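Structure at a glance
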Amino acid sequence: MEKDQADHPSFPAPVRLAFRVSYLGSRFFGSQMQVSERTVEGEFVAACERLSLFPDWREAGFLFAGRTDRGVHAIGQVAAFSTDAPERAITALNLQLPPDCWCTAYAEVPPAFHPRYDAKKRTYRYFFSSAPPRIEEMARAAARFIGNHNFSSFARMDGRSPFRTVYSAQVLEEGGFVCLEVTAESFLWHQVRCMATALLRIGEGEEEDLIDRLLTGEPEKALSPAPAEGLVLWDTDCGICWKPIIARERSARFINDLVRHHSLMGTVCQTLQQGLPPS
């Protein structure tokens, strides 16, 4: 690119852009690009290529801030790439993305910006499908995660250090559901979903010191992660001042249709339930 600019001074210099990305993970095989499966990164790169934003995603330094597993959702993922057509990227990217993935904000960032390594902290929310009977105990137990701990019993290890620093952890009630909100510098594979499993066990009757035993005792076999469908990457803090992008109508219509569909199915199930014998 530098040689092209020297030979053609009018050729625009590449601009590095960051985008805040939302997606419904139900129809994706995770975020990380794969050869034969539908992924968020794959759809994002394909949209960029259709817009001729870059000839090769590797040369453009295309990166996501982190990986999410199959079925996990996001409203706070961060993508970054360099392009010589920044205006086209900002105005047209949402028109090319599929309806279950869209950008909500953008920012021009330094050329060396790396959304993974420049992320200061990440926040996830895990929504439990049903409200456990002991929510107050879950809330007290969640606070025990705060600090620097060995999370070997809460994650599938892949050779990385098991120690992670959790800045905050709390149990909230939102939209009629109980959820765990946790913020850390970084997370291990399945860590948040395993934390949710441990809290659910406490919510269903186990003692709150279960968390202390798992954090301070000899590492046990990792807990089974809670279902992926309840997990949302809530925020990735890269220190960026975002400028909003209006999501296109197609994505809004897609989400609204899903809300209506699931609301309808909830009503249908409640109606059918009336014919079941008492439990």
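Residues numbered from 1 in each chain as written. Predicted model: local features only at pLDDT ≥ 70, side-chain atom pairs only at ≥ 80, totals over all residues. Heavy atoms only, no water.

**Concerning the pattern of salt bridges**
Enumeration over the complete set of coordinates arrives at 14 salt bridges. For Arg 58, the salt bridge goes to Asp 56, with nearest N and O atoms at 3.8 Å. Owing to a relative accessible area of 58%, Arg 58 belongs among the exposed residues under this scheme. Accessibility expressed as a relative area gives 24% for Asp 56, which makes it partly exposed. Where Asp 69 meets Arg 193, a salt bridge forms, and the shortest distance between an N and an O atom there is 3.5 Å. One end of the pair, Asp 69, is in the loop between strand S2 (63-64) and strand S3 (73-83); the other, Arg 193, is in helix H5 (residues 191-203), with 124 residues separating them in the sequence. With a relative accessible area of 11%, Arg 193 lands in the buried category. Salt bridges sharing partners connect three or more residues here, namely Arg 140, Arg 144, Glu 208 and Asp 212. (Salt bridge = Lys/Arg side-chain N within 4 Å of Asp/Glu carboxyl O. Buried < 20%, exposed > 50% of the residue type's maximum accessible area, 1.4 Å probe, protein only. Helix = DSSP H or I, 4+ residues; strand = E, 2+ residues; numbered from the N terminus.)

**Regarding unusual backbone geometry**
With the exception of glycine, the majority of residues adopt a negative phi angle, and the majority of peptide bonds are in the trans configuration. For Ser 52, which is not glycine, the phi torsion reads 55 degrees and is therefore positive. Residue placement: Ser 52 occurs in the loop between helix H2 (40-50) and S2. The exposure class of Ser 52 is partly exposed, given its relative accessible area of 49%. You will see that His 190, though not glycine, has its phi angle at about 70 degrees, which is positive.

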